[in-house]
Amino acid sequence: MAHVARRHCVSRACGLVTALGRLLRDEHSNSPQALLERSRRPGRSMGSFARALEDFFTRHGLALPTDQGERLAAGRRRRRLDAVPDPLRQAVTAFDASRMRAQDRARRAGTRPRSNHTLETALATLRDLAHFLITERAKDGWELVDVHDIEAFLNTLPRARKRRLTVLRQFFRFPAPSTWCWSTRHAD
């Protein structure tokens, strides 16, 4: 109670303590980690109650932090992938999966993984390129892209050229699945 009273107004603190009382009286486990998981609201925000519990439990070493940031990042990546036009989505999805595995490996190895923001920015660049290729260049396959298409795309936002070019280099160096190949795509 003292924890929330120091951080919230009286009515808000009373509401948080009342909500905690309801969780403690239900039939589920009352361990700090279980309370924290049950206190989360569905959707993009975990809610102020869950944030207050997380702050208290993690500060006192009673529970591990939630994965709210990771959930939000996964949702942002999913929205960017869903915005890539269908003919070009498979390759971008494979690229994203590869980068997520690399991020996980870096975390486990204790090295510096790419941030979620970096991964999301790369997906946004590829989404924009895919839209550009389909709408401006009438190309619906990665194998049809040439240097002139990339130059034209980079010229749409000259100030972001360096960052976008870095992402595009990484993407086009990525090992392409056999389905990208012109011969298998047009073999029928």
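Residues numbered from 1 in each chain as written. Predicted model: local features only at pLDDT ≥ 70, side-chain atom pairs only at ≥ 80, totals over all residues. Heavy atoms only, no water.

K.L.:
Give me the overall build of the chain: which residues, what numbers.
P.N.:
Per the secondary structure count, the chain includes ten helices and zero strands. Scaling as 2.2 N^0.38, a compact globule of 188 residues should have a C-alpha radius of gyration of about 16 Å, whereas the chain reaches 23 Å, well beyond that. Taken along its principal axes, the extent of the C-alpha atoms in the chain is 65 × 35 × 30 Å. A buried classification covers 34% of the 188 residues belonging to the chain. Partitioning the contacts of the chain with sequence separation of at least 6, the portion at a separation of at least 24 is 52%. For the chain, the accessible surface area stands at approximately 11,600 Å², while carbon and sulfur atoms represent 55% of it. Of the charged side chains in the chain, 36 are positive and 20 negative, and the gap between their average positions amounts to 8 Å. (Helix = DSSP H or I, 4+ residues; strand = E, 2+ residues; numbered from the N terminus. Rg over C-alpha atoms; globule rule 2.2 N^0.38 Å. Buried < 20%, exposed > 50% of the residue type's maximum accessible area, 1.4 Å probe, protein only. Contact = heavy atoms within 4.5 Å. Areas by Shrake-Rupley, 256 points an atom, 1.4 Å probe, with all protein chains shown as cover. Lys, Arg positive; Asp, Glu negative; His and termini not counted. Charge placed at Lys NZ, Arg CZ, Asp CG, Glu CD.)

K.L.:
Let's hear about the nonpolar core: which residues, and what values?
P.N.:
The biggest cluster of nonpolar side chains holds 22 residues, and the ones touching the most others in it are Val92, Leu126, Leu129, Trp142, Leu168 and Phe171. Among the secondary structure elements, those contributing two or more residues to this core are helix H6 (86–109), helix H7 (116–135), helix H8 (147–154) and helix H9 (161–173). Take this core: its biggest share by element is seven residues, from H7. When residues no more than four places from it in sequence are discounted, the contact partners of leucine 168 are Thr125, Leu126, Leu129, Ile150, Phe153 and Leu154. With twelve residues, the next largest nonpolar core counts Ala13, Leu23, Leu36 and Phe57 among its residues. (Core = buried A, V, L, I, M, F, W, Y, C linked by side-chain atoms within 4.5 Å.)

K.L.:
Tell me about the side chain of glutamate 120, and please be specific about residues and values.
P.N.:
For glutamate 120, the location among the structural elements is in helix H7. Among the polar contacts listed, one links the side chain of glutamate 120 to the side chain of arginine 76, at a separation of 2.9 Å. Setting aside residues no more than four positions away along its own chain, glutamate 120 makes contact with Ala73, Arg76, Arg77 and Arg80. (Polar contact = N/O pair within 3.5 Å; in protein donor to acceptor, adjacent residues only side chain to side chain.)

K.L.:
So what about unusual backbone geometry? Which residues, and what values?
P.N.:
The phi torsion at alanine 138 lies on the positive side, around 55 degrees, for a residue other than glycine. Within the secondary structure, alanine 138 sits in the loop between H7 and H8.

K.L.:
Could you give me a rundown of the packing of aromatic side chains, with the residues and numbers involved?
P.N.:
In total, this model carries seven aromatic pairs according to the counting rule given. Ring plane angle 55 degrees and centroid distance 5.7 Å describe the contact between phenylalanine 132 and phenylalanine 153, whose orientation is recorded as tilted. Taken together, the residues span a long stretch of sequence, with phenylalanine 132 in helix H7 and phenylalanine 153 in helix H8 at a distance of 21 residues. The pair formed by phenylalanine 132 and phenylalanine 153 is uniform in burial state, with each residue classed as buried. (Phe/Tyr/Trp six-rings, centres within 6.5 Å; stacked < 30°, edge-to-face > 60°.)

K.L.:
Run through the confidence of the model for the chain, naming residues and quoting values.
P.N.:
Residues shown with low pLDDT carry predicted positions that ought not to be read at fine detail. On average, residues of the chain score 86 in pLDDT, and 93% of them reach the 70 mark or higher. Under a pLDDT of 50 for its full length, residues 178–188 has, in the predicted model, 14 contacts with residues more than four places off or in other chains. (pLDDT = per-residue confidence, 0-100.)

K.L.:
A description of the packing of helix H5 (residues 68–82) against H7 should follow, citing residues and the corresponding values.
P.N.:
When two helices pack together, you describe them by how their axes are tilted relative to each other and by the distance separating the axes. For the pair H5 and H7, the least separation of the axes is 9 Å and the interaxial angle reads 10 degrees. In this view, H5 runs roughly parallel relative to H7, as classed from their interaxial angle. From H5, Gly69, Glu70, Ala73, Arg76, Arg77, Arg80 and Leu81 reach across to H7, where they touch Asn116, Leu119, Glu120, Leu123, Ala124 and Arg127. Of the residues belonging to the contact of H5 with H7, the class tally is five nonpolar, two polar and six charged. (Axes fitted to C-alpha atoms, helices over the stretch in contact; angles between N-to-C directions. Parallel < 35°, antiparallel > 145°, perpendicular 65-115°, else oblique. Nonpolar A, V, L, I, M, F, W, Y, C, P; charged D, E, K, R; others polar.)

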